[in-house]
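In case you want the letters, here they are:
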Amino acid sequence: MSLVTALIHRRRDRLLGRLAREALALHGMEVPAACEIGPGLMVHHRGFGTVLHPYTTLGAGVTPYNGVTIGRADPWVPQEESAMRRVVVEDGAVLCAGAKVVCKAGVLTVGAGTVVGANAVLTRSTGPGEIWAGVPARKVGMRAGAWGPSPIPAQPIPHPPPERTHRTAPDRPDRG
């Protein structure tokens, strides 16, 4: 368990909670005590620049890279008046560097095993094992393996034609 992960799990401790949150802030992470975080959290690059909204739930084995933001789409509205209720990131999801997950209204769910690409801005819920990228984020594929069906092409992939061999001219008798 890395130092950052240990601090995240100790941020609710009665005695060390405040110290853990301040140490996370020095690492550039904002993880409020109200966030619910499952076991097996994998933080890479010390999570620098990662910000989680207090109404965030991270499932087991979630991987947020640096610069991830999870929050509201209406930060100018007081929290009590916001239509956003919660962001739920299910087990095994991967939030790549710079990904933004912003909830407009209700509950936004990032499905189990979903990958949100680098610098993508996700504004709606996803299904399990999907791959999302872009601004705004769009579904660009499915993860193979345990998260969903294997992406088998509808038609066989054509093989490139064999390379042509270079033909040399037949030997000519010397003219001379």
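It should be noted that the structure appears before, not after, this text.
Thresholds, definitions, all that
- Residues numbered from 1 in each chain as written.
- Predicted model: local features only at pLDDT ≥ 70, side-chain atom pairs only at ≥ 80, totals over all residues.
- Heavy atoms only, no water.
- Pairing = 2+ DSSP bridges.
- Helix = DSSP H or I, 4+ residues; strand = E, 2+ residues; numbered from the N terminus.
- Core = buried A, V, L, I, M, F, W, Y, C linked by side-chain atoms within 4.5 Å.
- Buried < 20%, exposed > 50% of the residue type's maximum accessible area, 1.4 Å probe, protein only.
- Contact = heavy atoms within 4.5 Å.

Undergrad: A description of the sheet that holds strand 8 (residues 100–103) should follow, citing residues and the corresponding values.
TA: Strand order in the open sheet formed by four strands is 2-5-8-11, with parallel pairing between adjacent strands. Unpaired on one side and paired on the other, strand 2 (51–52) and strand 11 (121–122) mark the two borders of the sheet. Relative to strand 11, strand 8 is paired through two bridges, and the arrangement is parallel. The partner of Lys100 across the bridge, within strand 11, is Val121.

Undergrad: Summarise the pairing of strand 13 (residues 138–142); cite the residues concerned and give the values.
TA: Relative to strand 13, strand 12 (residues 130–133) is paired through four bridges, and the arrangement is antiparallel. By the bridge assignment, Ile131 is partnered in strand 13 with Gly141. A loop of four residues connects strand 12 with strand 13, the two strands running antiparallel in sequence, and Gly134 in this loop sits at a positive phi of about 105°.

Undergrad: Tell me about the pairing of strand 8, and please be specific about residues and values.
TA: The sheet contact formed by strand 5 (residues 69–72) and strand 8 spans four bridges and is parallel. Within strand 8, the residue paired with Ile70 across the bridge is Val101.

Undergrad: Describe the nonpolar core, listing the residues and the values that go with them.
TA: The biggest cluster of nonpolar side chains holds 30 residues, and the ones touching the most others in it are Ile70 and Val89. Secondary-structure elements contributing two or more residues to this core are helix 1 (3–10), helix 2 (17–26), strand 6 (84–89), strand 8 and strand 9 (106–110). Here the element with the most residues in this core is strand 6; it accounts for three residues. With near-sequence residues (within four places) excluded, Val89 lies in contact with Thr57, Leu58, Gly59, Val62, Ile70, Leu95 and Val110.

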